[in-house]
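Coordinates in review
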Amino acid sequence: MTDDAYAALDGLGAAPLWRFYGNLFPAQPRSRAVPYRWSWRDLRPHLLHFSETLSLHEAERRVLMLVNPGLTDPPATVNTLYAGLQIILPGETAQAHRHTSNAFRFVLEGEGAHTTVNGEPVRMAPGDLLLTPGWHWHDHTHQGDAPMIWLDALDYPMVNALEAGFYEQYHQRLQPLTRTADLGSRLFLHGRLTPAWIEPAGPNSPVTRYPWAETARALDAIADDATGSEVDGIALEYTDPFTGGPVMPTIGCRIHRLRPGFDGAGRRHTASTIVNVVRGEGATIVDGVRLEWSEHDTFAIPGWATYRHVNASASQDAVLFSYSDEPVMRSLGLYRTEPGDPGA
Ligand code: GTQ
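Residues numbered from 1 in each chain as written. Predicted model: local features only at pLDDT ≥ 70, side-chain atom pairs only at ≥ 80, totals over all residues. Heavy atoms only, no water.

Section: the pattern of salt bridges
- Taken as a whole and judged by the stated rule, the model has 17 salt bridges.
- For the salt bridge of D297 with R37, the shortest nitrogen-to-oxygen distance reads 4.0 Å. Of the two residues, D297 sits in the loop between β18 (289-293) and β19 (298-301) while R37 sits in strand β1 (residues 36-38), which places them 260 residues apart along the sequence.
- On the basis of relative accessibility, which here comes to 4%, the residue D297 falls in the buried class.
- Overall, the relative accessible area of 30% leaves R37 in the partly exposed class.
- One network of salt bridges, in which partners are shared, links R123, D128, D182 and R209. (Salt bridge = Lys/Arg side-chain N within 4 Å of Asp/Glu carboxyl O. Helix = DSSP H or I, 4+ residues; strand = E, 2+ residues; numbered from the N terminus. Buried < 20%, exposed > 50% of the residue type's maximum accessible area, 1.4 Å probe, protein only.)

Here it is in structure tokens:
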């Protein structure tokens, strides 16, 4: 009788809240994403293999997605964000397109390529951060003499969850170059002198490229004096010069220097985070899982997972690049953080 009463609801598009309550209103977030480390050493040979066997006319982009074992359908790296490793060979071009997802590249290996963003060619070299904000046309061209590999980041898991994904291909393979090369980074070269004639347009930073040379200079300038965060080391946020806020509405990017022997404090926050290792060796313990990392490895810290970073070297810095959905959490009033011990 009771079962019949429940069964009758099925055909009426109704369900008893009391049978779902705990899942719909969990006492705290339970990420489906798991702590995970993607090995650069293991993946790089596979990237090189596909660069020899798959042309860029067969694939829109030649990218290995970094798929979290807890998030395989649809594939994502953490709940809201994605990371991929993209390879492009000398002489190749990648088709111009645009999508509502915000994207950026963080360059890992090689030089001589450029990404054209809304008509502006933006040069790429190791450690550079290049923005491709939502609905900006972008295509890639490589004129160097060795393969180039970079980390791609996109917010498509979040955009698709919001059912706001649009995509369009440009009517030619490449956009015409209508702006001076690197203008978007040169206009804002001095972070505290902002061109007064330019109106802020859109919710993203107008800087097209944050060059590694500038990032390294900023880290070096304070490295011996600043104590930094006991959790995240000397952590600098890449900012929008107009607002001082994050580079894009959905993604915040940071560079971290962990001093030799850094043995960080534990913390958790609702933001989901992806980290790429720029330099050094160490480990990050995430909810009891020890993720050992070295140069160019990528790892995932799910939202509300407790983590702490360790620099394994007593003499060398470790440098980490991280990105997260913290801007979304903050702007929606959902950002929470507290200290904790990840164990292990
Ligand atoms: O290079 O435009 O990894 O559109 C995924 C989607 C890279 C790109 C990705 C993309 C791109």
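Let's pick the thread back up.
Some remarks on the site of the ligand
- All residues in the neighbourhood of the ligand are listed as R61, V63, Y82, Q86, H97, H99, R105, H138, H140, D152 and L154.
- Here an oxygen atom of the ligand and a side-chain polar atom of R61 are 2.8 Å apart.
- Within the side chain of Q86, a nitrogen or oxygen atom sits 3.1 Å from an oxygen atom of the ligand.
- At the level of elements, β3 (82-88), β4 (93-99), β9 (138-142) and β10 (148-154) are the ones that each hand at least two residues to the shell around the ligand.
- Considering only residue class, the shell around the ligand consists of 3 nonpolar, 5 polar and 3 charged. (Near = heavy atom within 4 Å. Polar contact = N/O pair within 3.5 Å; in protein donor to acceptor, adjacent residues only side chain to side chain. Nonpolar A, V, L, I, M, F, W, Y, C, P; charged D, E, K, R; others polar.)

Thoughts on the UniProt feature "domain: Cupin type-2" (unreviewed entry) in the protein
- Summarizing the sequence annotation, UniProt attributes the feature "domain: Cupin type-2" (unreviewed entry) to residues 85-152 in the numbering used throughout.
- The span residues 85-152 shows a helical share of 0% and a strand share of 60%, and its end C-alpha atoms are spaced 6 Å apart. (UniProt positions renumbered as here; feature names shortened; annotations may be inferred.)

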